[in-house]
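Next come the chains, spelled out residue by residue.
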Amino acid sequence: MKIGFLKDSEPRVSITPSTLEKYIALNHDIFIEKNAGIQSGFSDNDYVDAELSSRNNIYNKCDIIVSVNSSSIVSFSELKNKSIISNFSMNPDKQNLSKELTKNNITAYDLSLIPRTTIAQSMDILSSMAGLSGYKSIIKAAELIPKIFPMTITAAGSIKPVKVVVLGAGVAGLQAIATAKRLGAIVEASDPRQAAKEEVLSLGAKFIEVEGAVEDESAGGYAVKQSKEYLEKQKEEVTKRLIEADVVVTTAQVFGSKSPILISKDIVNKMKPGSVIIDLASSTGGNCELTKDSKIVVQNGVKILGNSYLASELSHDASNLFSNNVFNFINYIIKEDNLIDEKDDILKSCKI
Ligand code: NAD
């Protein structure tokens, strides 16, 4: 197969020198757009076994085109009858996107729709990127608060450890908890999934107990929409912690729905000036009423940073994980230069 990897409109790249070796071992012909890896710490000289190409050449010669973010593809008319592998969830205009794909007879595989099954785990870009975002959320918070994280005793007096509250203890939330704990913070977390409780406790954080959560085994690992009663009780329990917190990281998402609002403007007004909220759910509406995607809003001296794409700021490691996810996906769907059975569960879920 001839597979082309684009220089993305963001720092990450969908092929690294080590994944290139794996494609070559499987006899694929690899084309990489010039300077594709430069912002992730990979120079063109690191890709010796690939053909370094212009974008036009890639579009002309390749059967499959890969990018980290589908917004990097500006014109779909140049990709008639080809296949694209990318993350389409970041594309702002979904309606126009599907029209363009249909019009140009393009088969697109959206890696953000890979199912959350054991077999698909190695292809799951949402999980690999969420872990990095969770880590970065705490690093961002540490930069923004006027405090240090660990308890410190000096001759000039002692400093108390910071208090961190994490709302949503999934992949990103758990990594945020682990990072905050390593820095010496006191951490508490809330999540409606019971499975999350054990994971929170195993990281040495406290779990905020709220009764009445709804769970659904068939939701494939995702949380489901919670009742008004649960959200009210949760708000009551969580508010007590938020007004004492120095750092709040929110990651709460419900697949296919807008993110639940867990922090109202009223609560922000009760929080301590100087504290920060890092809202990782901002691309789906945010968990704080005041969140603005990709912006910092200041209210009552509380800084609210909305950013769902913090993994891009760790482009070297993010590219390593993302490119492994892509390789595992391509290796799974292509067998002896042919696409596997179209009825396969993984293919069915992510093909658009
Ligand atoms: P996500 O990004 O959809 O949501 C983040 C977290 O927000 C979840 O833990 C969710 O329970 C939580 N949440 C939803 N509503 C909330 C509310 N009202 N208050 C507080 N928290 C709320 O999910 P995710 O982090 O990508 O994954 C969730 C879980 O799915 C993981 O912890 C994991 O167990 C499972 N998972 C399994 C696989 C796999 O088997 N391949 C892959 C990825 C994730």
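Residues numbered from 1 in each chain as written. Predicted model: local features only at pLDDT ≥ 70, side-chain atom pairs only at ≥ 80, totals over all residues. Heavy atoms only, no water.

Caption draft 1: Structural detail: helix α5 (residues 171-182). Taking 1.5 Å per residue as the helical rise, α5 with its 12 residues ought to reach 16 Å, and the 17 Å between its terminal C-alpha atoms agrees with that figure. What α5 keeps buried is the set Ala172, Gly173, Leu174, Ala176, Ile177, Ala178, Thr179 and Ala180. Looking at the buried residues of α5, the elements they touch are α4 (125-144), β9 (163-167), β10 (186-190), α6 (194-202) and β12 (247-250). Where α5 ends, the next residue or the one after it, Gly184, has phi of about 100°, a positive value. (Helix = DSSP H or I, 4+ residues; strand = E, 2+ residues; numbered from the N terminus. Expected span 1.5 Å × (residues − 1). Buried < 20%, exposed > 50% of the residue type's maximum accessible area, 1.4 Å probe, protein only. Contact = heavy atoms within 4.5 Å.)

Caption draft 2: Local environment of the sheet that holds strand β11 (residues 206-207). If you walk across this open sheet you meet the seven strands as β11-β10-β9-β12-β13-β15-β14, and the pairing is mixed. At either margin of the open sheet sits one strand with a lone partner, and together these are β11 and β14 (296-299). The pairing of β9 with β12 spans four bridges and is classified as parallel. Among the inter-strand pairings, Leu167 is bridged to a residue of β12, identified as Thr250. Across the sheet, α4 lies against β9, β12, β13 (276-279), β14 and β15 (302-306), angled at about 155° from β13, the strand it touches most. (Pairing = 2+ DSSP bridges. Axes fitted to C-alpha atoms, helices over the stretch in contact; angles between N-to-C directions.)

Caption draft 3: Up close: the pattern of salt bridges. Taken as a whole, this structure holds 16 salt bridges when the rule is applied. The shortest N-O distance in the salt bridge between Glu244 and Lys163 comes to 3.7 Å. With a gap of 81 residues between them, Glu244 in the loop between α7 (228-242) and β12 and Lys163 in strand β9 connect regions that are remote in the sequence. For Arg241, the salt bridge is made with Glu188, and the minimal N-O distance between the two is 3.0 Å. Of the two residues, Arg241 sits in helix α7 while Glu188 sits in strand β10, which places them 53 residues apart along the sequence. Glu188 gets classed as buried once you look at its relative accessible area, which sits at 18%. (Salt bridge = Lys/Arg side-chain N within 4 Å of Asp/Glu carboxyl O.)

Caption draft 4: Structural context of unusual backbone geometry. Phi angles above zero are rare outside glycine, and Asn35 is one such case at about 65°. For Asn35, a relative accessible area of 38% translates into the label partly exposed. Not every positive phi belongs to a glycine, and Asn300 is a case in point at roughly 55°. Note that Asn300 resides in the loop between β14 and β15.

Caption draft 5: How the structure looks around the sheet that holds strand β1 (residues 2-5). In space, the six strands of this open sheet follow the order β3-β2-β1-β4-β5-β6, with parallel pairing throughout. Strands with a single pairing partner mark the edges of an open sheet, and in this sheet they are β3 (51-53) and β6 (107-110). Neighbouring strand axes in the sheet, compared pairwise and without regard to direction, differ in orientation by 25° on average. For strand β5 (residues 83-87) and β6, the ladder comprises four bridges, and the chain directions are parallel. By the bridge assignment for β6, Ile84 is matched with Ala108. Each of β1, β4 (64-69), β5 and β6 touches helix α9 (residues 315-333); the most contacted strand, β4, lies at about 150° to it.

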